[in-house]
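Here's the letter readout for the chains.
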Amino acid sequence: MKLSLKQRLKQLIFGLLGKDPEGVVVTFLSGEESLARRMEAEVRELLPNRLHYSVHWTPASAGERWLELRRLFRGKRIAMAPVLFSAEPEFDAMRHAALCFAPTRILAYNSRLERHHLRARTWLASLLFLRGVPVDRIYLRPHFFKQQPPPAVAPLVLEGRPLSPHRPRVAVLTPYFPYPPAHGGAVRIFNLLREASKQFDIFLLAFTERGDPTEYQPVLDFCAQAVLVPKSTYREPRWASLVPPEVAEYRSPAMRRALERVRREYAIPVLQVEYTALAEYGGQILVEHDVTFDLFGQIHRREQTLSSWWNLWRWKRFEQRAVRRFPAVVTMSAKDSEILTGGRSPWTAPGPPARQKLIQPIPNGVDLARFQPEPETPGHRLLFIGSFRHFPNIHAYRFFTENVWPSLCARYPNIALTVVAGPDPLLHWSANTGTLAPRADERITLLGFVSDVRPLYVQANLVIVPTTVSAGTNLKVLEAMAMERAVVSTTSGCAGLGLEHGKSVWVADSPEEFAAGIARLLEDGALRGSLAANARRRAQEAFDWPHLGVAQAQLWRDSIDAEIEK
């Protein structure tokens, strides 16, 4: 085959340098084996016509490994050197040797298996990538730089049940469509709106995201209208805004226009806003699903970093101002109300009280008719329900599997754990941890969204709530109480529910205490049954949705009366 002039020159030049003109690919398996193998397979697929070599880890210094590489690849021209930069420090010497061996040919991979060419001309982007910043956020710019405005979006308007002249009208703004009830917030919104709709016509305005379920009818059965607005993609560095980034994510001119149209066209006097992140839209009632600055205060107390301080400062500033602007604020418990009104929290000195007309707890609830107790089957089966969409549940899973689970496995060979992690669990896991998935364990079953969790409660011997940071109240605890299953929880996991350690719940905060509590209840069936029965009675007394729906409806009536008096 006749070579072109360019090919002949290439052969000549590399021949003078003592190099093979055809470049080879040297892949450094410098990280967790399954990730490294997936990287290797992807590189071979990307460059099928190249000669590939793989470098495995051996105990050696960076200098020793560099000298070995120079010897092994003498006479070879390195076209590319893929290197896995994940969290394991034992591979650092291997990575350093790779950087010295082929400094201009490094194709870096992170633990998400995103890739980025390390280049001197893009040194800042390369540094950010090596520090763990996701690729899609490396080139973001703060809003004060000129950016392309988001494209206009048209809301989807769905008609529900007919309006009645005998029912007052209320608008409710939420950050998601509350069906299916795949996590605690959706369960609460769905059930309270359904109960209150017996007396009110409800106009629901909700954000949607790509890939959301599209089963609308269960909500339209009790709502007069649902207006769905696609959520824009947030394209700023998370450090760059004075308001919390979760607030900026939900800034939407389309939603503001939809709110104005609905309230004007249907003469709606009261708007209830679910979650603090939507407080900028204004209204008459703000529902604090958790006191968010309390949550970030717990995180800052643990981490003591500049980033955790910045998140706490932004949320405290924003949330305290938001609470003061609303005539009525709903909390999940008396504890949350106390924090908002200036009570001492465990991490900060008391501040000036928030002057409110009304700060009213309306607790989370449970469907007692649906969640009925069934007899327990003997065994050592644990259940953890916590959507990974809510990052404290990821913290809880890691706390339990890394610090508690190993000792339980050593003590109980047949122990099993089922985890219900909600929709797209690996997507949320990757975004929060920087790794593709939790470490595999044949005794752990990780499930996504489960439409009916009752069979899982029936199969379980214990329900665990290992949350290390938490705010609000946990619906998963209420469901376990209703199903008459004993719960082992941290203090924060069962806060605000009026449960007593040793009587209706087992409370443990350290890994050793948590493991000991599980062991105690697995081995003491009488105590386990007593805790479960007392918890069921507590749920019947205080957390039935119809009773809570009456409180929600009364709040709306009071708010409408207050608007009429203005």
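Below you will find a few notes about this structure. This structure is a prediction, so every number in the text was calculated from the model and none was measured. (Residues numbered from 1 in each chain as written. Predicted model: local features only at pLDDT ≥ 70, side-chain atom pairs only at ≥ 80, totals over all residues. Heavy atoms only, no water.)

**Here's the deal with the overall build of the protein chain**
Next, step 1: If you tally the helices and strands in the protein chain, you get 20 helices and 19 strands.
Next, step 2: C-alpha extents for the protein chain along the principal axes are approximately 90 × 60 × 50 Å.
Next, step 3: Considering only residue pairs separated by 6 or more positions, the protein chain has 73% of its internal contacts joining residues 24 or more positions apart.
Next, step 4: When the accessible surface of the protein chain is totalled, it reaches about 27,300 Å², and 55% of it is carbon and sulfur.
Next, step 5: On the protein chain, the mean spot of the 71 positive side-chain charges and the mean spot of the 57 negative ones are 9 Å from each other. (Helix = DSSP H or I, 4+ residues; strand = E, 2+ residues; numbered from the N terminus. Contact = heavy atoms within 4.5 Å. Areas by Shrake-Rupley, 256 points an atom, 1.4 Å probe, with all protein chains shown as cover. Lys, Arg positive; Asp, Glu negative; His and termini not counted. Charge placed at Lys NZ, Arg CZ, Asp CG, Glu CD.)

**Focus on the pattern of salt bridges**
A pair can form between side chains of opposite charge whenever their charged atoms are brought close.
Next, step 1: Summed over the entire model, instances satisfying the criterion amount to 22 salt bridges.
Next, step 2: We note a salt bridge from Glu68 to Arg65, for which the minimum N-O separation is 3.5 Å. In this pair, Glu68 and Arg65 both sit in helix H3 (residues 62–72), three residues apart, roughly one turn of the helix. (Salt bridge = Lys/Arg side-chain N within 4 Å of Asp/Glu carboxyl O.)

**A closer look at the pairing of strand S4 (residues 106–109)**
Next, step 1: Of the two faces of S4, the one carrying Ile106 and Ala108 and the one carrying Leu107 and Tyr109 are both buried.
Next, step 2: In this structure, strand S3 (residues 78–84) lies alongside S4, joined through four bridges in parallel fashion. Note that in S4 the partner of Val83 across the bridge is Ala108.
Next, step 3: The parallel pair S3 and S4, bridged by helix H4 (residues 92–101), forms a crossover whose chirality is right-handed.
Next, step 4: Between S4 and strand S5 (residues 115–117), which follow one another and run antiparallel, lie five residues, and Leu113 among them has a positive phi close to 60 degrees. (Buried < 20%, exposed > 50% of the residue type's maximum accessible area, 1.4 Å probe, protein only. Pairing = 2+ DSSP bridges. Right-handed = clockwise from strand over helix to strand, strands pointing away.)

**Details of the pairing of strand S15 (residues 416–420)**
Next, step 1: In terms of strand pairing, strand S14 (residues 381–385) meets S15 through five bridges, oriented parallel. Each bridged residue has a counterpart across the sheet, and for Leu382 the counterpart in S15 is Leu417.
Next, step 2: Between S14 and its parallel partner S15, the chain crosses via helix H14 (residues 391–411), and the hand of that crossover is right-handed.
Next, step 3: Two strands pair when backbone bridges link them, and S15 and strand S16 (residues 444–447) are joined in this way by four bridges, in the parallel orientation. What sits directly across from Val420, in S16, is Leu447.
Next, step 4: Considered for its hand, the β-α-β crossover made up of S15, helix H15 (residues 425–433) and S16 is right-handed.

**Description of helix H10 (residues 253–265)**
Next, step 1: In a regular helix each residue adds 1.5 Å, so 13 residues correspond to 18 Å; H10 covers 18 Å between its end C-alpha atoms and thus fits that length.
Next, step 2: Along H10, the residues that are buried comprise Ala254, Met255, Ala258, Leu259 and Val262. The arc that holds the buried residues of H10, viewed along the axis, is 135 degrees, so those residues lie on one side. Exposed residues lying more than 90 degrees from the buried face of H10 are Pro253, Glu260 and Arg264.
Next, step 3: In this fold, the buried residues of H10 make contact with strand S7 (169–174), strand S8 (201–208), strand S9 (225–230) and strand S10 (270–274).
Next, step 4: Following H10 by one or two positions, Ala267 has its phi on the positive side, about 50 degrees. (Expected span 1.5 Å × (residues − 1). Arc of directions from axis to C-beta.)

**A word on unusual backbone geometry**
Next, step 1: Between Tyr179 and the following residue, Pro180, the backbone shows a cis peptide bond with an omega angle of 0 degrees.
Next, step 2: The backbone of Gln304 shows a phi angle near 55 degrees, a positive value even though the residue is not glycine.
Next, step 3: With a relative accessible area of 55%, Gln304 lands in the exposed category.

**Quick notes on the nonpolar core**
Next, step 1: Judged by nonpolar contacts, the single largest core of 43 residues is most densely connected at Leu173 and Leu205.
Next, step 2: In this structure Leu205 touches Ala171, Val172, Leu173, Thr174, Val227, Met255, Ala258, Leu259 and Val262, once residues within four positions along its chain are discounted.
Next, step 3: Of all hydrophobic cores here, the second largest spans 38 residues; its members include Phe177, Tyr216, Val270 and Val330. (Core = buried A, V, L, I, M, F, W, Y, C linked by side-chain atoms within 4.5 Å.)

**Overview of the packing of H3 against H4**
Next, step 1: Running from amino to carboxyl end, H3 crosses H4 at an angle of 45 degrees, the nearest separation of the two axes being 8 Å. The orientation of H3 with respect to H4, classified from their angle, is oblique. In this structure, H3 crosses over H4, and the sense of that crossing is right-handed. In this structure, H3 uses Ala62, Arg65, Trp66, Leu69 and Arg70 to contact H4, whose residues at the interface are Ala93, Met94, His96, Ala97, Cys100 and Phe101.
Next, step 2: In the contact of H3 with H4, the residues fall into eight nonpolar, one polar and two charged. (Axes fitted to C-alpha atoms, helices over the stretch in contact; angles between N-to-C directions. Parallel < 35°, antiparallel > 145°, perpendicular 65-115°, else oblique. Left-handed = near helix turned anticlockwise from the far one by under 90°. Nonpolar A, V, L, I, M, F, W, Y, C, P; charged D, E, K, R; others polar.)

**Focus on the sheet that holds S15**
Next, step 1: Within the open sheet, the six strands sit side by side as S16-S15-S14-S17-S18-S19. Their pairing is parallel. Pairing within the sheet leaves two strands with one partner each, and these edge strands are S16 and strand S19 (506–507).
Next, step 2: Across two bridges, the pairing between S14 and strand S17 (residues 462–465) is parallel. Following the sheet pairing, Leu383 is matched in S17 by Val463.
Next, step 3: Where helix H17 (residues 475–482) meets the sheet, its contacts fall on S14, S17 and strand S18 (487–489), and the angle it forms with S17 comes to roughly 165 degrees.

**Considerations on the environment of Ser504**
Next, step 1: Turning to its location among the elements, Ser504 is positioned in the loop between S18 and S19.
Next, step 2: Of the residues examined, Ser504 reaches a relative accessible area of 10% and is grouped as buried.
Next, step 3: Ser504 sits 18 residues away from Ala486 along the chain, and the two C-alpha atoms are 7.7 Å apart.
Next, step 4: The contacts of Ser504, once residues within four sequence positions are left out, are Leu499, Leu531, Asn534 and Ala535.
Next, step 5: Polar side-chain contacts of Ser504 include one of 2.9 Å to the backbone nitrogen of Glu500. (Polar contact = N/O pair within 3.5 Å; in protein donor to acceptor, adjacent residues only side chain to side chain.)

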